[in-house]
Amino acid sequence: MTESLLEQEGKKTSYGASSIQVLKGLEAVRKRPAMYIGDIGPRGLHHLVFEVVDNSIDEAMAGYCSEIKMTLNTDGSCTVVDNGRGIPVEMHPVEKRSALEIVMTVLHAGGKFDRDSYKVSGGLHGVGVSVVNALSEWLEVEVKRDGKKFRQRYVRGVPQGNVEEVGNARGTGTTVTFMPDSQIFKTTEFVFGTLNERLRELAYLNRGLRIWAEDKRDGTTVDYKFEGGIAEFVKYLDETRNSIHKGVIFFAQTRDNVPVEVALQYNDGYNENIVTFVNNINTIEGGSHLSGFKSALTRTLNNYADKNKLFKDKFQLQGEDVREGLTCVISIRVQEPQFEGQTKTKLGNSEVKGIVEQIVNDKLGTHFEENPHAAKAIIEKCVTAARARDAARKARDLTRRKSALESGNLPGKLADCTTSDVSRSELYLVEGDSAGGSAKQARNREFQAILPLKGKILNVEKARLDKILDNDELRTMITAIGGGLSTMEDYDSSKVRYGKVILMTDADVDGAHIRTLLLTFLFRYMRPLIEEGRIYIAMPPLFRVAKAKQVRYAMDEKERDKAIADFGGTTNIYVQRYKGLGEMNPEQLWETTMDPDKRTVMQVTLEDAAAADRIFNILMGDAVEPRRQFIEQNARYVTNLDV
C-alpha cells in the first residue's frame, strides 16, 4: 500500500523517547563547546589556559599558593604549574574513585562549592578544568601531595588508566599539561601576547603572588610579582600620562566580610578609565561596586570643596566632572557573587554598593584631609571639566539645531540604505571622496549605506568633548550612526541606525592612521558599539593577479605568490598592487570588499578595556618614548608596510 507524503515525513521526523540523547560524562562539552568557553576561535582557545590558571589563582586567594608558572611548549601544548595544596587524590567516599579523576572528568565537581576550602573563588561553576580536559586531544595532570607524586593521563577527556603513584615528592602543588584538540578548535596555536596581558593583570590583582611565563617556541619569558598590587596597576595604566598629584591614592578595608581595594590617580587627560574586578573577574559591565564608588567619589569631592570653601556660590560637581582624567582600579572579593547583565559580568549584589560607598567616603575623605594639595589640584581639574561639560552641552544643542535631528534629517554626504531593518543594515565609513564615490556605485542600496570621510579626523585623545562636537566630520558621523555619545547622559543604543559599522580605509600607512583615529573615537565616545559587536574593519585586497580571463585577489605577498604559482608562473601574468581603494572600480570594490558572500571583514572586540585604554593612549597621546617602544615590540607582527 502506498504511503502518503505526510506519513513518510512522520516516519522521518518522529519524536519520541528514542530521540532524546543522553550525553554522558564530558560528551556534552565536546558536542557544544561554545556553551562552555564562548566560541571555538582564538578567544575560546586561550580561555582553556585561563581556566587552568584560575584554579591556581583560587589556591593563591585561599592563601596556599605563592607561585604560578605557565609554559607554551614547542609541541603546541601548554603547561600550568602551581605550588598550592595539590588536588586531592584519595578515594571519594560516594563516587568510589579518586577525587582527582572526579575533578578532571565531572562537570560541577570541585572544592569551590565548599566554603571551608575556598572563602572566595573566581570559578564558581566547577566546570573549568573538566572542560579543558574534554576539549584537549590529551591532558596529563601531576599532583604533589603528602610527600608523594601522583599522575593521570586523559585522551579527549577519557582516563587512560587509574590515578597512579609515581614516586616521592618535595612540597605540594599541581601540574596540568594539555594539547588543545584540533578537531574542536579552528586554530590551536596560542598567542603569547594574549595570555601575557591576563597573567600580568592577575599578578597586579593578587599582591605578592609570583606569576611567570615562558614561550619555548621563541624563548620569550616574563616574570611578574607586584608587592604594590593594584596601586602598581594604576601606575602601569597611567605611565604615558601626566599625573596632577603626587603618587597613586590607595586604600583597602574589609567590611561585612567583603575586602575592598581601591587605587586611583588623576591625570591631565580628558578620559575616564575605571576598571573593576570581583574575585579577579573583570566586571566590564560594572555593577553595584562601581555604583557605590561613583556615588562616594562625587559626594566626597563636593563635601571637601564645600567645607574648604573652594567653590563660588552654590556650585556642585556632577559625576562626569569628577571622573575626567581619572584612572582607577577597584578590586573586591565576595563569597557569593551574583552576576547579571548581557555578558554575565555585572555584579548584582545590592549590599556591596553600600559597603564600597562607606569605605570610599571614609578613606578618600581622610586622604584629602591629610593631603590638601592633592585634593585642591583634583578639585580644580574637576571644576575645569564642569565648565567644559557646560560648553559641550551647548555644542551638542547647537549640533541638534544644525542637523535638525528632531525632524529626522541626515547628513547630505550620507548615501543611506532603504531598509528599516537595523539588523541587516550596514554603514561604511570610507576614507576619501574618490573611494566614497566608487563605494556608492558598488553598494547594494537596500542594506548598505556609505559615508565618505574627508581626510584625517580629529585626534580625540587630545581634545575635550566641546571640541569634538565642534568638528564637522565627527559631528556628521555621530548624526549618521545615531544613538548619541555614550559619555552623555541621553545616549540611547536603541536609536543606533545600523547593525554593522564598517571602517573601510586604504591598506597603507595613512589608511592605518585614519583607522586608528576612528577606533580611538569609537572606543572613547561610542564604546557600546564595540561592546555590542557592531564595529568591523573591511579587509580590501592588496593585489590583483590576472592571467587571461582568470582573476584572483590576494591579501598579502604570500597569497599573491600562491596565485602566481597556481597560474603557472610569471608568464603572461599581470599583477596589480592597490595603493588605495580609489584604484578599484566599483565592480572590483564590490567583488572584493563589499559583497557579504565574498568579502572578509574583521570584527572589533573588546577583550580587555584597561589594555585597550593604555594602547590607545600610547598610540594617540603625547608621550613619544612609549609609542616608540610599542612600535619596536610589535613590528614583527606587521605583514604589510607601505614606505
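Bear in mind that the values here come from a model prediction, so they are computed numbers and not experimental data.

Definitions and limits used
Residue numbers restart at each chain and count upward from 1, following the sequence in its written direction. Local features are withheld for residues below a pLDDT of 70 in this predicted model, meaning they are given only at 70 or higher, and side-chain atom pairs are given and counted only at 80 or more; totals for whole chains, interfaces and linings count all residues. The basis for the side-chain values is all heavy atoms of the structure; hydrogens and waters are excluded. Burial status follows relative accessibility: with a 1.4 Å probe on protein chains alone, a residue under 20% of its type maximum counts as buried, one over 50% as exposed, and anything between as partly exposed. Only DSSP runs of H or I reaching four residues or more are called helices, and only runs of E reaching two or more are called strands; each is numbered from the N terminus. A pair of strands is treated as paired once DSSP finds two or more bridges between them. Aromatic rings from Phe, Tyr and Trp, taking only the six-membered ring of Trp, are treated as a pair when their centres fall within 6.5 Å; an angle between ring planes under 30 degrees marks them as stacked, one over 60 as edge-to-face, and anything in between as tilted. Look at NZ for Lys and CZ for Arg. If either is within 6 Å of the ring centre and within 35 degrees of the ring normal, a charge sits over the ring. Lines fitted to C-alpha atoms define the axes here, with helix axes fitted over just the stretch in contact, and angles between the N-to-C directions of these axes take values from 0 to 180 degrees. By definition, residues are in contact when any of their heavy atoms lie within 4.5 Å. Salt bridges are defined as contacts in which a side-chain nitrogen from Lys or Arg sits within 4 Å of a carboxyl oxygen from Asp or Glu. Roughly parallel means an angle under 35 degrees; roughly antiparallel, over 145; roughly perpendicular, 65 to 115; everything else is oblique. Three categories are distinguished: nonpolar for Ala, Val, Leu, Ile, Met, Phe, Trp, Tyr, Cys and Pro, charged for Asp, Glu, Lys and Arg, and polar for the others, with Gly belonging to the last.

Chemist: Please explain the pairing of strand β1 (residues 67-72) as it appears in this structure.
Modeler: Of all 6 residues in β1, 5 are buried; the element is thus mostly enclosed. By the bridge criterion, 6 bridges tie β1 to strand β8 (residues 210-215) in an arrangement that is parallel. Bridge pairing links M70 to A213 in β8. Here β1 runs beside strand β2 (residues 78-82); their pairing, made up of 5 bridges, is antiparallel. The residue bridging I68 from the neighbouring strand is D82, located in β2. With antiparallel pairing between neighbouring strands as the criterion, β1 and β2 make up a hairpin whose turn holds 5 residues, including G76 at a positive phi of roughly 100°.

Chemist: Before we go on, may I ask you to explain the packing of aromatic side chains in this structure?
Modeler: Both the distance between ring centres and the angle between the ring planes are used here to describe each pair of aromatic rings. Under the criterion given, the structure shown has 9 aromatic pairs. Ring geometry for F178 against F190: centres 6.2 Å apart, planes inclined by 85°, an arrangement best described as edge-to-face. One end of the pair, F178, is in strand β7 (residues 173-180); the other, F190, is in the loop between β7 and α7 (192-205), and 12 residues separate them in sequence. Here F190 falls in the buried class, since its relative accessible area comes to 3%. We note R210 situated over the ring of W212; from NZ or CZ to the ring centre the distance is 4.4 Å. Over the aromatic face of F543 sits the side chain of R560, whose NZ or CZ is 4.8 Å from the ring centroid.

Chemist: What should I look at first to understand the sheet that holds strand β21 (residues 543-547) in this one?
Modeler: To summarise the sheet geometry, strands pair through backbone hydrogen bonds and adopt either a parallel or an antiparallel arrangement. Pairing is antiparallel in the open sheet, where 3 strands are placed in the order β22-β21-β23. The strands lining the two open edges of the sheet, one partner per strand, are β22 (550-554) and β23 (574-577). Ignoring which end each strand starts from, the neighbouring axes of this sheet average 15° apart. The pairing of β21 with β23 spans 4 bridges and is antiparallel.

Chemist: Would you mind showing me how to read the environment of C417 here?
Modeler: As for its position among the elements, C417 is in the loop between α12 (372-403) and β17 (426-431). On the basis of relative accessibility, which here comes to 11%, the residue C417 falls in the buried class. Remark: the alpha-carbon pair of C417 and R443, spanning 26 residues in sequence, is separated by 9.4 Å. Those residues in contact with C417 that sit more than four places away from it in its chain are S425, R443, R445, E446, F447, Q448, A449 and Y498.

Chemist: Explanation requested: the pattern of salt bridges in the structure shown.
Modeler: Opposite charge on two side chains makes pairing possible when the charged atoms of those side chains draw close. Enumeration over the complete set of coordinates arrives at 33 salt bridges. The shortest N-O distance in the salt bridge between E201 and R198 comes to 2.5 Å. Separated by 3 residues within a single helix, E201 and R198 lie in helix α7, roughly one turn from each other. We classify R198 as buried; its relative accessible area is 16%.

Chemist: Can you help me understand the pairing of strand β19 (residues 500-504) in this one?
Modeler: The two faces of the sheet receive side chains in turn, since in a regular strand these alternate between them. In terms of residue burial, β19 counts as a mostly covered element, since 4 of its 5 residues are buried. Across 5 bridges, β17 lies against β19 in parallel orientation. From the neighbouring strand, E426 faces β19, where its bridge partner is K500.

Chemist: Which parts of the structure should I look at to understand the packing of α7 against helix α8 (residues 230-237)?
Modeler: Axes are the key here: two packed helices are described by the angle between their axes and the distance separating the axes. Two numbers describe how α7 lies on α8: the axes approach to 7 Å, and their chain directions differ by 135°. With respect to each other, α7 and α8 are oriented oblique. Residues E197, R200, E201, Y204 and L205 of α7 form the contact with α8, whose participating residues are I230, E232, F233 and Y236. Of the residues that constitute the contact of α7 with α8, the class distribution is 5 nonpolar, no polar and 4 charged.

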